[in-house]
Amino acid sequence: MRPLKGKVAFVTGSGRGLGRTIAERLMAMGADVALHDISEEAPARFGEVASLSALAEELTSNGARAVAVTGDISDNAAVEQMVAAAQARLGPISILVNCAGGDIGASGDKPNPSTPTQFKLEDVQAVLNRNLIGTMLMCRAVAPGMAERNEGAVINIGSILAHQGSAIEIGYACAKAAVVHYSRCLAMEMRGHGVRVNAISPGPAKTARFLATRSTDPVMMEEGPSLDRYATPAEIADAVGFLAGPDSRFVSGQVIRVDGAAGLYAA
Ligand SMILES: NC(=O)c1ccc[n+]([C@@H]2O[C@H](COP(=O)([O-])OP(=O)(O)OC[C@H]3O[C@@H](n4cnc5c(N)ncnc54)[C@H](O)[C@@H]3O)[C@@H](O)[C@H]2O)c1
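All of the points below concern the structure found in this document. No experiment lies behind these values; they were computed from the predicted model shown.

1. Here's the deal with the overall build of the chain
Working step 1: Scanning the chain from terminus to terminus reveals 8 helices and 7 strands.
Working step 2: Here the C-alpha atoms of the chain give a radius of gyration of 17 Å, agreeing with the 18 Å that 2.2 N^0.38 yields for 267 residues.
Working step 3: With respect to the principal axes defined by its C-alpha atoms, the chain has extents near 45 × 40 × 40 Å.
Working step 4: Across the 267 residues in the chain, those meeting the buried criterion constitute 51%.
Working step 5: Long-range pairs, those at least 24 residues apart, make up 70% of the contacts in the chain with a sequence separation of at least 6.
Working step 6: For the chain, the computed accessible surface area is about 12,400 Å², with 54% contributed by carbon and sulfur atoms.
Working step 7: Counting 24 positive and 27 negative side-chain charges, the chain places the centres of these two groups 5 Å from one another.

Shown next, in the form of structure tokens:
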């Protein structure tokens, strides 16, 4: 079963981590994929692959086509150039996954301090640019074409921090809450045009970056029957595959928390 055969997907931040696993999943479902990262070298940062182009070559040898595009998603000129380059090589984009992001401040590290009353303005602005503005610019560049063709699925990656108050990681929590709400707003605009827009909010997931940047709880690392653990990247990619494919054809404007019931609340 290759339900996405003939479709073209653009997955931001897919040189490594969750984005990479999502791209692999969409390719396994038959889609051709524009792999994206901020630079050729970014995918190598935590030892996952040598470069973005090397990853594109490796994945293409498995079946569907993958091409590499690089650029900063918070730079509108770069966004327009990347979208044009991807479409020139693969054809019109009908699946957009906005996965690039993270809690990375102005200096390239985790912001510190990062509480509601103690933060550096430049860090909050950098985190908003990387998560919210980048997602908005990508959607603005891609969704109108989907609407013209009356076909498309947009999936934006939030975080469980979008849904609960946080006294730490303040810029990130607010940026991800806004990503989720922007997804609802775009779903409303796209409703009459056959374009579905949804968000996924992962709980902590075992990407190379996640594992390299904290001390982990050995019990949470175990992949037994308990849901009280870290997610695997494949578990997040499964939910993206559902929202990208035909089984979710009447699902739009929703957010799915993929967190093993870590956060149980109404919205
Ligand atoms: N892993 C987790 O536990 C977890 C949990 C909740 C949400 N998330 C979200 O999932 C996404 C992926 O996380 P990950 O763990 O795979 O992290 P990661 O750092 O491995 O991947 C993020 C990717 O985005 C790229 N990127 C960042 N800023 C960019 C920019 N301005 N322009 C272009 N590319 C940029 C990075 O280079 C990298 O390839 C992020 O949005 C993150 O906030 C992750």
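That shown, we press on.
2. Some thoughts on the packing of helix 3 (residues 76-90) against helix 4 (residues 121-149)
Axis angle and axis distance: for two packed helices, these are the angle between their axes and the distance between the axes, and together they describe the pair.
Working step 1: Taken N-terminus to C-terminus, the directions of helix 3 and helix 4 make an angle of 40°; their axes are 8 Å apart at the nearest point. Taken together, the axes of helix 3 and helix 4 lie oblique to each other. Judged by the twist between their axes, the crossing of helix 3 over helix 4 is right-handed. In this structure, helix 3 contributes Asn76, Val79, Val83 and Gln87 to the contact, and helix 4 contributes Leu137, Met138, Arg140, Ala141, Val142 and Arg149.
Working step 2: For the contact of helix 3 with helix 4, the per-class residue count stands at 6 nonpolar, 2 polar and 2 charged.

3. Things to note about helix 8 (residues 233-244)
Working step 1: Along its 12 residues, helix 8 runs 16 Å from first to last C-alpha, staying within 8% of the 16 Å computed at 1.5 Å per residue.
Working step 2: Among the residues making up helix 8, those that are buried are Pro233, Ile236, Ala237, Ala239, Val240, Gly241, Leu243 and Ala244.
Working step 3: For helix 8, the elements touching its buried residues are helix 1 (17-28), strand 4 (95-98), strand 5 (152-157), strand 6 (195-202) and strand 7 (255-258).

Calculation rules
- Residues numbered from 1 in each chain as written.
- Predicted model: local features only at pLDDT ≥ 70, side-chain atom pairs only at ≥ 80, totals over all residues.
- Heavy atoms only, no water.
- Helix = DSSP H or I, 4+ residues; strand = E, 2+ residues; numbered from the N terminus.
- Rg over C-alpha atoms; globule rule 2.2 N^0.38 Å.
- Buried < 20%, exposed > 50% of the residue type's maximum accessible area, 1.4 Å probe, protein only.
- Contact = heavy atoms within 4.5 Å.
- Areas by Shrake-Rupley, 256 points an atom, 1.4 Å probe, with all protein chains shown as cover.
- Lys, Arg positive; Asp, Glu negative; His and termini not counted.
- Charge placed at Lys NZ, Arg CZ, Asp CG, Glu CD.
- Axes fitted to C-alpha atoms, helices over the stretch in contact; angles between N-to-C directions.
- Parallel < 35°, antiparallel > 145°, perpendicular 65-115°, else oblique.
- Left-handed = near helix turned anticlockwise from the far one by under 90°.
- Nonpolar A, V, L, I, M, F, W, Y, C, P; charged D, E, K, R; others polar.
- Expected span 1.5 Å × (residues − 1).

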